[in-house]
Amino acid sequence: MEDESNRNIYTELQKSFLACATCITSIVIGTIYSHECEIGVPLYLVVDGGVVVGMAVLLTITMCCNVIGGYEGKLALSLKLLWYFLSQVAGLVGLGMTIWGSVLVFGNYGLVTYDEASQSSTFCHEVPYVFAFVLLIMRLIGIPIFVGCSCMMVVSACAALYG
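Here the residue numbers are simple positions, counted from 1 along each chain's written sequence. It should be noted that, the model being predicted, local features are given only for residues of pLDDT at least 70 and side-chain atom pairs only at 80 or more, the latter also being counted only at that level, while totals for whole chains, interfaces and linings use all residues. The basis for the side-chain values is all heavy atoms of the structure; hydrogens and waters are excluded.

Chemist: Honestly, the overall build of the chain in this entry has me stumped. Any pointers?
Modeler: What the chain contains, in helices and strands, is four helices and zero strands. By the criteria applied, helices consist of DSSP H or I runs no shorter than four residues and strands consist of E runs no shorter than two, each listed in order from the N terminus. Overall, the chain shows an N-to-C arrangement of helices and strands of α-α-α-α. Residue exposure (1.4 Å probe, protein chains only): buried if accessible area is under 20% of the type maximum, exposed if over 50%, otherwise partly exposed. The buried share among the 163 residues of the chain stands at 33%. Contacts in the chain between residues at least 24 apart in sequence constitute 73% of all its contacts with a sequence separation of at least 6. Carbon and sulfur atoms make up 70% of the accessible area of the chain, which amounts to about 9800 Å² in all. We call two residues in contact when some of their heavy atoms are within 4.5 Å. Using a 1.4 Å probe, the Shrake-Rupley method yields the accessible areas, and only the shown protein chains count as cover for residues.

Here it is in structure tokens:
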């Protein structure tokens, strides 16, 4: 049982570090190009990156407290349920950020210009726009996977609580 628990922690830590790496890249790109885009894509990258890093850190702390603390019984179950709840909140926040980014990026897809000389109100440097575009495509592919996994987590949490 303890090997399984440790394996789960390592898997969660790997996912958190991967999410943090992607989000730190978003924050850096958004900060560097903050004055080179008129449609708000750098702001989206900075806010999205900060929110996801914050949620990943919170989930990691919750997971580590459960394992490192060596809690047993109802306290361990409560920490596990807190982690399940926080992961659902993180998913919903991520969904909201994805919707905001999709409206911002895909809504301006036909209008955005990469030519700085045009002085258009839809000018955006190519780097943040394409980065946000690819990031959103990856997230939109992952949303159905997330929904299926979330449903399974809720069912297993209820089974653990009442079973």
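Read on, since the account is not over.
Chemist: Just to check I follow, could you spell out helix H4 (residues 126-162) for this structure?
Modeler: Since there are 3.6 residues in each turn of an α-helix, residues three or four apart along the chain are aligned in direction. The length a helix should cover is 1.5 Å for every residue beyond the first. Over its 37 residues, H4 runs 52 Å from end to end, which matches the ideal 54 Å to within 8%, given 1.5 Å per residue. What H4 keeps buried is the set Pro-128, Tyr-129, Ala-132, Leu-135, Leu-136, Arg-139, Ser-150 and Ala-157.

Chemist: Explain a nonpolar patch on the surface to me, please; I cannot follow it from the model alone.
Modeler: For patch building, the residue pool is restricted to those with more than 30% relative accessible area and no salt bridge; the joining distance is 9 Å between like charges and 5 Å between nonpolar side chains (Val, Leu, Ile, Met, Phe, Trp, Tyr). Salt bridge, as used here: a side-chain nitrogen of Lys or Arg that lies within 4 Å of a carboxyl oxygen of Asp or Glu. Taken together, the side chains of Leu-92, Leu-95, Ile-99 and Val-103 present a nonpolar region at the surface, about 380 Å² in accessible area. Tracing the sequence through the fold places Val-103 in helix H3 (residues 74-107).

Don't take any of this as a statement about function, it's just geometry.
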